[in-house]
Amino acid sequence: MKRTLLTLCLLSSSLLAQDTSLHDYLIEGESWKEVASGYVFTDGLCCDEAGNLFFTDVKGGKGIYKLDAATGKVDLFLDNLPGISGLQIGPDGRFYACHNKEGRIIAITMKGEVEVLLTDVKCNDLVVSKTGNLYFTETPTQRIHLITKDKKHVIADEGHVVKPNGITISTDERTLFASEYGGKHVWAWRIEDDGTLTGGAPYMTMWLPVGKESAAGDGSTTEANGRTFVTTELGVQIFDTAGRLAGIIAKPEATGKVVSVEFAGKDHDILYVAGGEKIYGRKVKVKGYFGQK
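Residues numbered from 1 in each chain as written. Predicted model: local features only at pLDDT ≥ 70, side-chain atom pairs only at ≥ 80, totals over all residues. Heavy atoms only, no water.

Student: Help me understand the sheet that holds strand β6 (residues 86-89), please; the structure alone is not making it clear to me.
Tutor: Strands pair in a sheet through their backbones, by hydrogen bonds, and they do so in one of two ways: parallel or antiparallel. An order of β6-β7-β8-β9 is seen for the four strands of this open sheet, with the pairing classed as antiparallel. Taken across any chain shown, the strands that pair with only one partner, and hence form the sheet edges, are β6 and β9 (114-119). Each strand axis lies, on average, 20 degrees off the axis of its neighbour in the sheet, ignoring direction. By the bridge criterion, five bridges tie strand β8 (residues 104-108) to β9 in an arrangement that is antiparallel. Bridge pairing in β9 links R104 to T119. (Pairing = 2+ DSSP bridges. Helix = DSSP H or I, 4+ residues; strand = E, 2+ residues; numbered from the N terminus. Axes fitted to C-alpha atoms, helices over the stretch in contact; angles between N-to-C directions.)

Student: How should I be thinking about the sheet that holds strand β17 (residues 197-205) in this particular structure?
Tutor: On the basis of which strands lie adjacent, the open sheet formed by four strands has the order β14-β15-β16-β17 and antiparallel pairing. Among the strands making up the open sheet, the edge pair consists of β14 (164-169) and β17. Across the sheet, the mean angle from the axis of one strand to that of its neighbour is 25 degrees, orientation sign disregarded. Across six bridges, strand β16 (residues 185-191) lies against β17 in antiparallel orientation. From the neighbouring strand, I191 faces β17, where its bridge partner is L197.

Student: What should I look at first to understand the pattern of salt bridges in this one?
Tutor: Two side chains of opposite charge can pair, provided their charged atoms sit close to one another. Here the structure, examined in full by the defined rule, presents 13 salt bridges. In this structure, K212 and E233 form a salt bridge, with 2.6 Å as the shortest nitrogen-oxygen distance. Of this pair, K212 sits in the loop between β17 and β18 (220-222) while E233 sits in the loop between β19 (228-232) and β20 (235-239), and the two are 21 residues apart along the sequence. Judged by its relative accessible area of 30%, E233 is partly exposed. The network of salt bridges with shared partners includes D92, R94, E115 and K151. (Salt bridge = Lys/Arg side-chain N within 4 Å of Asp/Glu carboxyl O. Buried < 20%, exposed > 50% of the residue type's maximum accessible area, 1.4 Å probe, protein only.)

Student: Explanation requested: the packing of aromatic side chains in the structure shown.
Tutor: The description of an aromatic ring pair uses the distance of the two centres, along with the angle that the planes make with each other. One pass over the structure, following the stated rule, counts 10 aromatic pairs. Ring geometry for F54 and F77: centres 5.3 Å apart, planes at 65 degrees, overall edge-to-face. Pair noted here: F54 is in strand β3 (residues 53-57) and F77 is in strand β5 (residues 74-78), with a separation of 23 residues, a long-range link. By relative accessible area, F77 is classed as partly exposed at 30%. Positioned over the ring face of F41 is K59, at 4.9 Å from the centre of the ring. (Phe/Tyr/Trp six-rings, centres within 6.5 Å; stacked < 30°, edge-to-face > 60°. Lys NZ or Arg CZ within 6 Å of the ring centre and 35° of its normal.)

In short, geometric facts, not functional conclusions.
If you want it as structure tokens, here you go:
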């Protein structure tokens, strides 16, 4: 019953949504451009209000790197934090991170001061709401976790999502989404007033590579109008608020991977992806949700 109610609620809020195509997102003549290289496995894309992009190198990096929105220059922003896979700036101005290498969730000030929020987890990716609730995926255990704004830990969902990976939130912050790395769905839950999740159900269906049963759903982010962008083996798949596939943006390199995605740039209208040893970006017609007031 709860899952049915969630689906009806999501659909009722999306009755006015129209089908879209890649023409609504992509700019003619604009393509992927390499903006950073020389890494091993880039991940953890996130942005701040100014549009600066932050990212990590999970396998070979030292900490958190910054791509400056004004100059395009890349620097090591915070050192001595290797092995971060998921990253976002929270409402208090701190980084929140899946410190995958250390098996913990941490908060980090812009000066590098670390607060440990949770240990002994195999964390992958996270999202932080404007109210301060933190949700993260634990891929091997098929769990979605919640750390509430008052630092209580809750296993919010378990055993339903096949290898949960990328995680994002709706623009009204009432729905949570998580992609399956080992399946073909993006799941959705209603976020209750206390931050807990109810009504989990598959809501979006990712296209699959020919002959495969998994889309390899990885990183995800939310666009300002509520669309969901998910990195997959085929590229960046875009879903409208009714859960319909609007199109797939091809990967920068046909044989490469895209594992994390975020909007940044001074106008938040550059779509960035982490693609192995490189970061790529392309200007688009839409803006991102995160990092904006």
